[in-house]
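Commentary on secondary and tertiary structure
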Amino acid sequence: MEKERVYVCIDLKSFYASVECRERHLDPMTANLVVADPERTEKTICLAVSPAMKALGIPGRCRVFEIPEGISYIMAPPRMQLYIDYSAEIYGIYLRYISKEDIHVYSIDEVFMDVTDYLDLYQMSAKELSVRMMQDVLESTGITATAGIGTNLYLAKVALDITAKHVEDHIGILNEESYRMTLWDHKPLTDFWKVGRGTVNRLERAGIATMREIAQADEDLLYRMFGVDAELLIDHAWGRESTTMADIKAYKPKSNSLSSGQVLPRDYHFEEARVVAKEMADSLCLELVEKGLVTDSVTLHAGYSYRLEKKSAHGSAGLDSATSSSRRIIACTEQLFDRIVDRRTPVRRISLTLNHVMDEAYRQYDLFTSPEEMEKENRLQKAVIDIKEKFGKNAVLRGMDLQEGATAMERNCQIGGHKSGNQGKDEQGDAGKAVHALRGAQRIF
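Owing to the predicted nature of the structure, the values given are computational and were not obtained by experimental measurement. (Residues numbered from 1 in each chain as written. Predicted model: local features only at pLDDT ≥ 70, side-chain atom pairs only at ≥ 80, totals over all residues. Heavy atoms only, no water.)

Some details on the overall build of the protein
- Scanning the protein for helices and strands turns up 17 helices and 14 strands.
- Projected onto its principal axes, the C-alpha positions of the protein cover 70 × 55 × 50 Å.
- Counting over 445 residues, the protein shows a buried share of 48%.
- Within the protein, contacts between residues separated by at least 24 positions form 67% of all contacts whose residues are at least 6 apart in sequence.
- With the model as given, the accessible surface of the protein reaches about 23,600 Å², and the carbon-plus-sulfur share is 49%. (Helix = DSSP H or I, 4+ residues; strand = E, 2+ residues; numbered from the N terminus. Buried < 20%, exposed > 50% of the residue type's maximum accessible area, 1.4 Å probe, protein only. Contact = heavy atoms within 4.5 Å. Areas by Shrake-Rupley, 256 points an atom, 1.4 Å probe, with all protein chains shown as cover.)

A word on the packing of aromatic side chains
- In this structure the tally under the stated criterion is ten aromatic pairs.
- Measuring from centroid to centroid gives 5.9 Å for F15 and Y16, while their planes differ by 45°, and the two rings are tilted.
- Classification of F15 as buried rests on a relative accessible area of 2%.
- For Y16, a relative accessible area of 17% corresponds to the buried category.
- An angle of 75° between the planes, with centres 5.8 Å apart, marks the rings of Y154 and Y179 as edge-to-face. Within this pair, whereas Y154 is found in helix 6 (residues 153–161), its partner Y179 is found in helix 7 (residues 176–183), the two being separated by 25 residues in sequence. In this pair, the class of Y154 matches that of Y179, namely buried.
- These aromatic residues form a ring-pair network of at least three members: F15, Y16 and Y83.
- In this arrangement the basic side chain of K310 is found over the ring face of Y304, its NZ or CZ atom lying 5.1 Å from the centre. (Phe/Tyr/Trp six-rings, centres within 6.5 Å; stacked < 30°, edge-to-face > 60°. Lys NZ or Arg CZ within 6 Å of the ring centre and 35° of its normal.)

So, the sheet that holds strand 7 (residues 145–150)
- In spatial order, the strands read 5-6-1-7-8; together these five strands make up an open sheet with mixed pairing. On the outer flanks of this sheet lie strand 5 (103–107) and strand 8 (171–174), each paired with one strand and no other. Here the average twist between neighbouring strands, direction ignored, is 15°.
- The pairing of strand 5 with strand 6 (residues 110–114) spans four bridges and is antiparallel. Bridge pairing in strand 6 links S107 to E110. (Pairing = 2+ DSSP bridges. Axes fitted to C-alpha atoms, helices over the stretch in contact; angles between N-to-C directions.)

Section: the nonpolar core
- Judged by nonpolar contacts, the single largest core of 41 residues is most densely connected at I10, F15, Y94, I98, M113, V115 and L129.
- If you list the elements that add at least two residues to this core, you get strand 1 (7–12), helix 1 (15–23), strand 2 (33–35), helix 3 (80–94), strand 6, helix 5 (126–141) and strand 7.
- No other element matches helix 3, which puts seven residues into this core.
- Here V115 is in contact with V6, V8, I98, A126 and L129, once residues within four sequence places are set aside. (Core = buried A, V, L, I, M, F, W, Y, C linked by side-chain atoms within 4.5 Å.)

Some remarks on the environment of M124
- Secondary-structure assignment places M124 in the loop between helix 4 (119–122) and helix 5.
- Distance in space between the C-alpha atoms of M124 and K376 is 60 Å, their sequence separation being 252 residues.
- Filtering out sequence-adjacent residues up to four positions away, M124 remains in contact with L119, L129 and R132.

Quick word on the packing of helix 1 against helix 3
- Relative orientation of the contacting elements helix 1 and helix 3 amounts to 95°, with a least axis distance of 10 Å. With respect to helix 3, the element helix 1 is oriented roughly perpendicular. Contacts between helix 1 and helix 3 involve F15, Y16, V19, E20, R22 and E23 from the first element and M80, L82, Y83, Y86, S87 and I90 from the second.
- Within the contact of helix 1 with helix 3, the residues separate by chemical class into eight nonpolar, one polar and three charged. (Parallel < 35°, antiparallel > 145°, perpendicular 65-115°, else oblique. Nonpolar A, V, L, I, M, F, W, Y, C, P; charged D, E, K, R; others polar.)

Some thoughts on helix 3
- Taking 1.5 Å of rise per residue, 15 residues should cover 21 Å, and helix 3 covers 21 Å from first to last C-alpha, within 8% of that figure.
- For helix 3, the full list of buried residues reads M80, L82, Y83, Y86, S87, I90, I93 and Y94. Seen from one end, helix 3 has its buried residues packed into an arc of 155°, which puts them on one side. (Expected span 1.5 Å × (residues − 1). Arc of directions from axis to C-beta.)

Concerning the environment of H166
- Counting through the fold element by element, H166 comes out in the loop between helix 6 and strand 8.
- The class for H166 is exposed, based on a relative accessible area of 64%.
- Considering only alpha carbons, one finds H166 and R40, 126 residues apart in sequence, at a separation of 36 Å.

Quick look at the sheet that holds strand 3 (residues 48–49)
- Judged by pairing direction, the sheet is mixed, and its three strands sit side by side in the order 3-2-4 without closing on themselves. With partners counted over all chains shown, the strands left at the sheet margins are strand 3 and strand 4 (74–76), one partner each.
- Note that strand 2 and strand 3 share two bridges and pair antiparallel. Across the sheet, V35 pairs through a bridge with A48, a residue of strand 3.
- Against the sheet, helix 1 makes contact with strand 2, strand 3 and strand 4, and its axis sits at roughly 120° relative to strand 2, the strand it touches most.

Describing the pairing of strand 10 (residues 293–304)
- Counting buried positions over the twelve residues of strand 10 gives ten, a clear majority of the element.
- Of the pairings in the sheet, the one linking strand 10 to strand 12 (residues 347–359) comprises ten bridges and is antiparallel in character. Bridge assignment links L293 to a residue of strand 12, and that residue is D359.
- Relative to strand 11 (residues 313–323), strand 10 is paired through seven bridges, and the arrangement is antiparallel. Paired with S297 across the strands is G318, a residue of strand 11.

Concerning the confidence of the model for the protein
- Taken over all residues, the pLDDT of the protein has a mean of 89, while the share at 70 or more is 91%.
- Every residue in residues 425–445 is under pLDDT 50, and counting partners more than four places away or in other chains gives 26 contacts. (pLDDT = per-residue confidence, 0-100.)

Shown next as structure tokens:
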């Protein structure tokens, strides 16, 4: 008989804020600190607040203006590269105990582990092993962690998100039986993994407010309400989850895409927003070339000003053949933007997706395209990538990057839309050396 699996989910407590406290030699449990960009407006969202701030009732993702005036705190500008470095170091600590094949990185501050086969090896319980790893993280980096332990991935996550908050050692433990005994009547439902506000609203209209009521509800009703998604909801209501770590590692998506999105710093008029969309297309094209990929279609989404209750513009356009050509993809993006976006309405959000991404072996040429010209452009793109990697992302720019409203130069100094923390170092580059390198690269064109 196959042994019962044991999973551990470890989360780094208020990660960004804890890192900033650590860098300032402060105790995050007592220091009031928020991670937010002071150069943005008071409406900007805090990326994290320290545990001390949470103890005062401040939500983890509040807006700056929502912090009560009577609370004194430090505002730390985001340093995304620093957080990535800490996360990588902590992942290395986990690898001292668990093989990478049994670890799934869920986010920058959270991992799942299948520890089933390690308990006999270390002669420890799952809780003892979790404590050992958490203590190692604390001693090595100064970051406090919390953990959830469960007999499946879902229960480990729920034990972390709900149970761990109500026990002194911050380690929650659940199996299917204890889940039903302790959490079947827990409210609100949004505390549970994968249950969003929209799902809760639909359930409430049917008179369902707890996991117990979901488990005992008529399944036909749930399938009419949620379609195939009802299966996952019902399983989770009973504390069941069939996905294993092996399933996660073996997963291969049927299709792939590359995407980029950004919220603009202000309302942009049509021409400004169009420049940003073209910049995003150019950046994604370089990513295609760097990864040896091509695409055959583009999808654009433009959200209008928050002041207006107007439906966003959304549309797709196909390319004649799969390509990574920035010339063709930027032109396609420009035409799509002109076709679907209202010229009279200010734009505030843009997202761009390159669909059906595949290996460049599938790149095709049509009767109207010169293979020589395409190869020349591909070599040019590769040269630009090499220069950017060596001298910084702003070492080589297009003319449109200098136009009114362009955001590429600023975003090249960011990670995930936030400051990397390296603006004064790596991202500045050496323009003189870059120009020299570009001239030297001309021999390949």
